[in-house]
Structure formats: C-alpha cells, structure tokens
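Residues per chain, in single letters:
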There are 2 protein chains.
Amino acid sequence: MDQSPPRSSSVTVADVARKAGVSKATAARVLGGYGTVSDHVRDAVTAAARSLNYQPNELARSMTTGRSGTIGVVVGDIENPFFSLAMRGITDVARQTGFTVILINSGEDADAEKSAIRTLLAKRVDGLIVSPAKESDADHLREAARSGRPLVLLDRGSETLDIDTVIADDRHAAENITRRFIALGHRRIAYLTACDTPDHRFRAPTDINTGSVRRRIEGFLDVCQKAGLERMEDWVHVGAVTPEHTYRIATVMLKSSRRPTAVIASDSVIGLEVFKVCRELGLTIPTDLSLVSFHDADWTSVTTPPVTVVRQPVYGLGEAAAKLLVERLNGNSAEATRVVLKTEIVERASVATAPA
Amino acid sequence: MDQSPPRSSSVTVADVARKAGVSKATAARVLGGYGTVSDHVRDAVTAAARSLNYQPNELARSMTTGRSGTIGVVVGDIENPFFSLAMRGITDVARQTGFTVILINSGEDADAEKSAIRTLLAKRVDGLIVSPAKESDADHLREAARSGRPLVLLDRGSETLDIDTVIADDRHAAENITRRFIALGHRRIAYLTACDTPDHRFRAPTDINTGSVRRRIEGFLDVCQKAGLERMEDWVHVGAVTPEHTYRIATVMLKSSRRPTAVIASDSVIGLEVFKVCRELGLTIPTDLSLVSFHDADWTSVTTPPVTVVRQPVYGLGEAAAKLLVERLNGNSAEATRVVLKTEIVERASVATAPA
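So, here is what we can say about the structure in this document. In this text the structure is predicted, and so the values were computed from the model without any measurement.

This next bit is on the packing of aromatic side chains. Residue and element names in this part refer to chain A. Overall, the coordinates contain six aromatic pairs over all chains when judged by the stated rule. Between Y191 and F220, the ring centres sit 6.0 Å apart and the planes meet at 40 degrees, which makes this aromatic pair tilted. Placement of the pair is Y191 in strand β6 (residues 189–192) and F220 in helix α9 (residues 211–226), with a sequence separation of 29 residues. Looking at Y191, the relative accessible area reads 0%, which means it is buried. The positively charged end of R216 is found above the aromatic ring belonging to F294, 4.0 Å away from the centroid.

This is the structure:
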C-alpha cells in the first residue's frame with residue numbers, strides 16, 4: 001500500500017483550522033458549508049483540508065440534521081435473481097430522488113435480519129425496505145416501524161402487521177397454474193419451496209413463515225380441494241434452500257414410483273434444479289413431467305423446451321416499495337398502505353396433458 | 001402505520017436517565033456497557049430505555065471507538081450473477097469474522113462509485129472492497145486507500161495502483177480460448193464486452209478502462225497476431241452494457257455478410273443474449289457459430305447445446321478479497337498484495353470446427 005501520504009482518519013476540523021491559520025469555528029463554517037466567510041478564507045481552508053486529506057465526518061453532521069440521504073435495504077438472498085432485479089427497481093427510484101441505497105443480505109436468517117436492521121438504524125439510514133425472512137417473528141419489524149424512520153416491507157408481509165407493504169398477487173398465480181394442471185388431467189402435482197419447517201415436513205400453510213409462499217400454497221391447496229384432490233399437503237416439499245438441497249429433494253421425488261406428473265417451482269433457482277434433475281433421470285419435459293416456475297429468470301426462455309413461468313412484477317415491486325418509502329420521507333403520514341401488483345403467466349412449452 | 005407508540009428517534013440518554021431517576025453519566029454507563037453499576041440501577045435503566053424505545057446511537061459510539069464492525073462493498077452491477085456470487089464469498093468471510101457487509105451498487109458509473117465510497121467512508125465502515133468501474137480514473141481509490149481504512153480491489157485493478165487487489169487469471173483464459181478457436185480453423189473471431197468507449201468504437205486495449213477485460217482483449221489480440229490474423233481490433237465490439245444493447249450489437253454482427261464464426265462473450269449476460277440472437281436468426285450452435293462465455297452462469301449448462309465457459313473462481317475472488325481486508329483490519333501492514341486466482345475452461349458443446 002502507498003505508505004508515503006499521511007494517514008488521515010484522525011484529521012479534525014481543528015487540524016484544518018490550524019493549518020489554514022483560522023479559528024476552528026471559521027474552519028467548521030467552511031467545511032460544513034454554512035455561514036459566510038470571505039473567498040480568501042474559504043480557499044485557505046479548502047486548500048488546508050485537501051493537503052491534510054481531511055474527511056468530513058458525515059456521521060456527526062447527520063446527527064445534527066437528522067437526515068443522511070440513505071435508504072437501508074435488507075433482502076433474503078441477493079444471489080436470487082428475484083432480489084437483484086427488485087434491487088434495481090429500488091436503486092433507480094433512489095437515484096432519481098437523490099438517495100443512496102445501502103444493502104445488507106440476511107441470508108434468509110431471522111437473526112441476521114435483526115442485526116442488519118439494527119446496524120442500518122444505527123448508521124442512521126433515513127428509512128428501510130425489508131423483505132422479512134419470517135413473518136411470525138416480527139417484533140423487530142414493529143420496533144423498526146416505531147423508530148420514527150419509515151419502513152416498507154417488500155414481497156412479504158402479513159395481514160397482522162400494520163406496516164406499508166408491497167407484494168405480488170402470488171395466490172392468484174398459484175391458483176391459475178393449479179387449475180390449468182388439473183384441467184390437463186394432472187392429479188399428482190408437487191409444489192417445491194425453499195421455505196422450511198423445523199422438521200422439514202409440511203403439514204399446513206400455517207407452517208410457512210414467508211407470506212408470499214404461504215399464499216401460493218394456500219391457493220394451490222384450495223384449488224386442489226375444490227377439484228376433489230385429497231391430501232395434497234403430502235405433495236408440498238419444503239427446505240429447497242440451496243441448489244444442492246433442491247437436487248436431493250427433486251431426485252428422491254422424481255425417482256419415486258408415485259412421482260408427480262406436474263411440478264410448481266416456487267422460484268427460478270428451484271425451477272432450474274428440477275429441470276436439471278429431469279435431464280439426468282431421462283424424464284422428458286413436458287411429456288413425462290409438466291413444469292411451471294415462479295419468476296421469469298433469464299434461463300427459462302433458452303432451454304429446450306423453454307419453461308412456462310409466472311412473471312412477477314419484480315422490478316415494479318422494488319420500484320413501488322422505494323416510491324412508498326420516499327413519500328413517507330416527504331411527510332406522507334396516511335395509514336399503512338398495502339400495494340398488490342399483478343402477476344402474469346408466460347406460456348412457453350413445458351406444460352402438457354398428464355401422461356397416461 | 002402503527003401510530004400508538006411514541007416516535008422515538010429523538011430519545012436521548014438524558015431522557016432515559018430522567019425516566020430511570022439516575023444521572024446521565026450512570027445511564028450512559030449502562031447503555032454503553034462500560035463501567036460498573038448495581039444490578040438494581042442496570043435494571044431500572046434498561047427498563048426505562050425499553051419503555052421509551054431508546055435506540056443506541058452507534059454512530060456516536062463508533063466515533064469514540066473508531067470501529068463500526070462493518071465492511072463497505074461497492075460493485076458495478078449486483079444483477080450480474082458474477083457480482084452476486086462474489087458477494088456471497090465476501091459475506092461468508094465477514095460473518096465468520098464478525099463483520100456486517102454493507103453494499104452499494106455503482107451501476108458501473110464512475111461518479112456513482114465515487115459517491116458510494118464517500119458515503120461508506122462517512123458512515124465509518126472499517127474497510128472497503130471495491131470493484132472499480134474505471135481504472136484510468138482512480139484518484140478517489142488512492143484517496144480512499146490513504147483514508148486510513150484499508151481498501152481491497154476486487155476483480156479489477158491495475159499495475160499502477162499500489163493497492164491490495166484480487167483478480168482472476170483472465171488473460172490466460174482468453175489466450176486459451178483464442179488458440180482453441182484458431183486451431184479449429186476460425187479466422188473471424190469476435191469479442192463482445194460491456195465496456196464502452198466515448199465513441200463506442202474499439203481501437204486498442206488501452207481504450208478499455210476495466211483491467212480484467214483489458215487483459216482478456218490483450219490476450220485475444222496477442223494470440224491472433226502471433227497466428228498471423230490481422231486487424232482483429234475490428235472484431236472487438238464494445239458497449240454491450242445491457243441485454244438490449246447486446247441484442248442490437250449481436251443482431252447487426254450476426255446478420256452481416258462477414259459474420260464471425262466464433263464469439264467470445266465477456267460475461268454471461270452477454271453470452272445469453274448472443275445465444276438468443278442465434279436462435280432468432282436460425283444460426284445453429286456450434287455448426288454455424290462457436291460460442292464461449294466468461295462466467296459459468298446457471299443457464300449455461302441447461303441450454304441445447306450447453307455452452308462452453310470460462311469458469312472464474314468468483315466465490316473465491318470475494319472470499320480472498322474479504323480475507324485480505326480482515327487481515328489488514330487485524331494489523332497486517334505488509335506491502336500491497338496482488339492475488340491472482342486461476343480460471344478453468346469448462347468444455348461443453350458450443351465449440352466446433354469453423355464452417356467451410
């Protein structure tokens with residue numbers, strides 16, 4: 001590392017004042033950009049600050065003004081294309097409105113999420129956008145919402161939380177896919193999700209802590225029940241938290257003698273693994289297995305066959321969350337809003353009638 | 001929003017002290033976790049802090065201790081799977097060593113990058129990992145390196161910057177692919193990159209501001225020249241900054257009467273667009289066009305044919321950068337290190353002999 005210039009983390013306003021030959025109050029006025037000083041003094045202080053490599057301490061300043069110009073975002077898994085696209089929606093709005101976005105990845109871990117929110121509040125972000133890992137465990141969200149800094153929940157939220165929320169119409173999408181599968185003669189329909197339960201088994205939608213996924217599974221089970229399909233809870237597989245976990249779950253499921261004839265993948269990372277396992281096991285999509293994945297990820301349109309997906313308004317979710325937050329920062333004090341954006345099924349070639 | 005509890009952003013140590021009936025100094029000792037007080041006093045202060053919803057001001061604390069327990073990261077495009085995977089490497093090391101990672105996305109914009117570094121330094125991160133958008137414009141990096149807080153450059157860096165750097169052996173990978181193409185009879189070999197020049201034309205590697213890409217293009221041109229291929233600069237296409245831009249560039253290039261018979265895509269986002277354009281134009285990979293993409297992205301193994309890629313040690317790059325940074329934070333004051341990680345070519349089925 002370049003050792004020659006002085007290390008300057010401890011250069012203070014007093015140091016700059018001394019170098020410029022002015023009082024500390026005058027130096028503070030120039031460096032803080034307030035009050036009036038002569039051009040001569042301003043130049044002297046600026047030159048001294050530059051030569052000492054002075055770094056303004058924005059922290060101290062933000063403690064005075066109460067605004068830091070930053071928005072804190074906590075998401076579950078930035079590697080999931082869903083979240084990285086939502087982030088772009090957030091960042092674009094932030095840039096247009098003069099905010100910098102600071103992101104912390106929780107790894108879908110509730111404790112890491114709590115610590116992330118604490119860190120961001122301590123760093124004096126002006127507001128927060130959070131995609132909560134668990135909805136049952138929401139005390140820290142209520143606390144954050146009461147901190148005086150606005151909070152918007154992204155993609156996940158629950159009816160019991162009185163906090164601004166932006167979600168997609170996931171339940172409706174799941175109902176449509178399920179109806180479609182049943183109309184094509186499918187009876188063994190599996191649903192795969194990353195959400196997990198303590199014993200890795202699914203019994204009822206209340207087991208699922210992530211609202212967006214819970215609503216999809218509710219939709220799936222409701223439609224199945226109305227169509228007279230029984231015990232479809234047994235076809236919901238939880239715990240596909242990584243590609244490796246998904247690979248294992250999908251392999252066991254698709255090697256079974258009672259394998260499903262149709263699969264709903266709860267996100268595109270899961271959809272991709274199911275696709276790979278099918279190829280490995282020699283199962284042809286869609287003749288042996290119909291597949292629909294949530295999220296219109298880039299790969300879904302280039303496979304053979306291309307995969308039918310639920311296109312979620314992912315960019316729009318991020319955009320709407322950031323807009324809501326900026327409105328709150330601008331003084332909107334109306335009651336908590338719940339924005340629900342429409343989803344769309346993009347028909348490709350991975351769905352067919354059930355095999356005989 | 002829940003309006004009933006008091007808004008508490010302005011609750012101070014003094015407020016807590018008053019509520020608990022103790023002195024401000026005593027309350028500060030309890031809330032700051034230093035000094036000794038009786039259990040009775042501690043309980044009273046803690047209860048008062050809870051009832052007032054007091055938020056510790058970590059900023060003030062970090063100004064005293066000089067450590068905030070956070071690492072700031074600035075990357076070019078978090079939507080690019082390259083960066084999101086590198087982020088996981090960084091985050092895993094950070095978690096193991098007790099740091100929280102704060103990310104800002106620069107959108108590959110040099111001004112946004114400068115502002116991001118300023119914001120992070122002002123928020124008193126302990127150290128920085130930056131993937132610089134432009135290497136020619138590195139004053140702010142030198143400045144950051146002199147701020148007294150360690151800086152590590154990720155994936156990009158230049159010989160002229162005396163700063164810790166972790167890069168992949170990109171030049172070597174590009175040389176190998178180019179040699180392979182030439183051995184298979186290819187003479188019209190195109191290289192596509194997101195890097196841009198002011199007039200969107202490429203003349204020489206010095207036009208390219210991103211070191212990793214410049215080194216690849218140098219390797220590509222060197223091997224071509226040694227094989228007697230002339231004016232291969234004309235086959236380098238810059239400005240594929242978004243899928244839309246890439247689509248346009250690839251369409252013009254592949255519709256041309258002198259279209260290339262082999263393409264090197266500088267990242268997987270570009271590789272995917274080239275793949276799509278080939279399908280649209282009815283060009284068969286690999287008989288009409290050979291394709292190799294940098295980055296072993298998820299989609300590359302599920303296409304028909306699967307795509308030959310340069311597997312970069314992306315997770316390892318992030319991991320190595322974070323380890324270097326943590327070592328610096330633990331007092332390692334050795335000279336700037338330059339870590340170069342090996343790349344690997346993963347042979348799939350997108351490369352064949354040149355069409356006659």
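On we go.
Looking now at the environment of A:T70. Here A:T70 is to be found in strand β1 (residues 70–75). Along the sequence, A:T70 and A:D199 sit 129 residues apart, while their C-alpha atoms lie 40 Å from each other. Residues in contact with A:T70, not counting those within four places in the same chain, are A:F99, A:T100, A:I102, A:R124, A:V125, A:D126, A:G127, B:T119 and B:K123.

Let's shift gears to helix α1 (residues 13–20) of chain A. In an α-helix, one full turn covers 3.6 residues, which means residues spaced three or four apart are oriented alike. Residues and elements named next belong to chain A. Of all the residues in α1, the buried ones are V13, V16, A17 and A20. Down the axis of α1, the buried side of the element spans an arc of 100 degrees, and every buried residue falls inside it. Of the exposed residues in α1, the ones pointing more than 90 degrees away from its buried face are R18 and K19. After α1 finishes, the residue G21 shows a positive phi value of roughly 70 degrees.

Residues and elements named next belong to chain A. Reading across the sheet, the six strands line up as β7-β6-β8-β9-β10-β12 and stay open at both edges, with mixed pairing between neighbours. For this open sheet the edge positions go to β7 (236–237) and β12 (344–346), each flanked by a neighbour on one side alone. Of the pairings in the sheet, the one linking strand β9 (residues 290–294) to strand β10 (residues 308–311) comprises three bridges and is parallel in character. The residue of β10 that forms the bridge with V292 is T308. Relative to β9, helix α8 (residues 170–183) is tilted by about 175 degrees, and along the sheet it contacts β6, β8 (262–265), β9, β10 and β12. Packing against the sheet, α9 makes contact with β6, β7, β8 and β9, and its axis sits at approximately 175 degrees to β6.

Residue and element names in this part refer to chain A. Side chains A262 and I264 of β8 all project onto a buried face; the interleaved residues V263 and A265 project onto the opposite face, where all are buried too. Here β6 runs beside β8; their pairing, made up of four bridges, is parallel. Bridging across to β8, A190 finds its partner in V263. The pairing of β8 with β9 spans four bridges and is parallel. Residue pairing for β9: I264 is matched across the bridge by V292. Taken together, β8, helix α11 (residues 268–281) and β9 constitute a β-α-β crossover, and its handedness is right-handed.

Here we come to the environment of B:G72. All names here are of chain B. Structurally, G72 can be placed in strand β1 (residues 70–75). Overall, the relative accessible area of 0% leaves G72 in the buried class. A sequence separation of 213 residues divides G72 from I285, and the C-alpha atoms of the two residues are 42 Å apart. In contact with G72, other than residues within four places in its own chain, are I102, L120, V125, G127, L128 and I129.

All names here are of chain A. Their axes nearest at 7 Å, the elements helix α5 (residues 81–96) and helix α12 (residues 314–329) cross at an angle of 40 degrees. Between α5 and α12, the angle is such that the two are oblique. The interaxial crossing formed by α5 with α12 has right-handed handedness. Across from F82, L85, A86, R88, G89, I90, D92 and V93 in α5, the residues of α12 making contact are V314, Y315, L317, G318, E319, A322 and K323. A breakdown of the residues in the contact of α5 with α12 according to their chemical character gives nine nonpolar, two polar and four charged.

Membership of the largest hydrophobic core comes to 103 residues, with the highest contact counts inside it found for A:F220, A:V274, B:F220 and B:V274. By size, the runner-up hydrophobic cluster in this structure holds 56 residues, among which are A:I90, A:A320, B:I90 and B:V314.

Basis of the calculations
Residues numbered from 1 in each chain as written. Chains lettered and ligands numbered in written order. Predicted model: local features only at pLDDT ≥ 70, side-chain atom pairs only at ≥ 80, totals over all residues. Heavy atoms only, no water. Phe/Tyr/Trp six-rings, centres within 6.5 Å; stacked < 30°, edge-to-face > 60°. Helix = DSSP H or I, 4+ residues; strand = E, 2+ residues; numbered from the N terminus. Buried < 20%, exposed > 50% of the residue type's maximum accessible area, 1.4 Å probe, protein only. Lys NZ or Arg CZ within 6 Å of the ring centre and 35° of its normal. Contact = heavy atoms within 4.5 Å. Arc of directions from axis to C-beta. Pairing = 2+ DSSP bridges. Axes fitted to C-alpha atoms, helices over the stretch in contact; angles between N-to-C directions. Right-handed = clockwise from strand over helix to strand, strands pointing away. Parallel < 35°, antiparallel > 145°, perpendicular 65-115°, else oblique. Left-handed = near helix turned anticlockwise from the far one by under 90°. Nonpolar A, V, L, I, M, F, W, Y, C, P; charged D, E, K, R; others polar. Core = buried A, V, L, I, M, F, W, Y, C linked by side-chain atoms within 4.5 Å.

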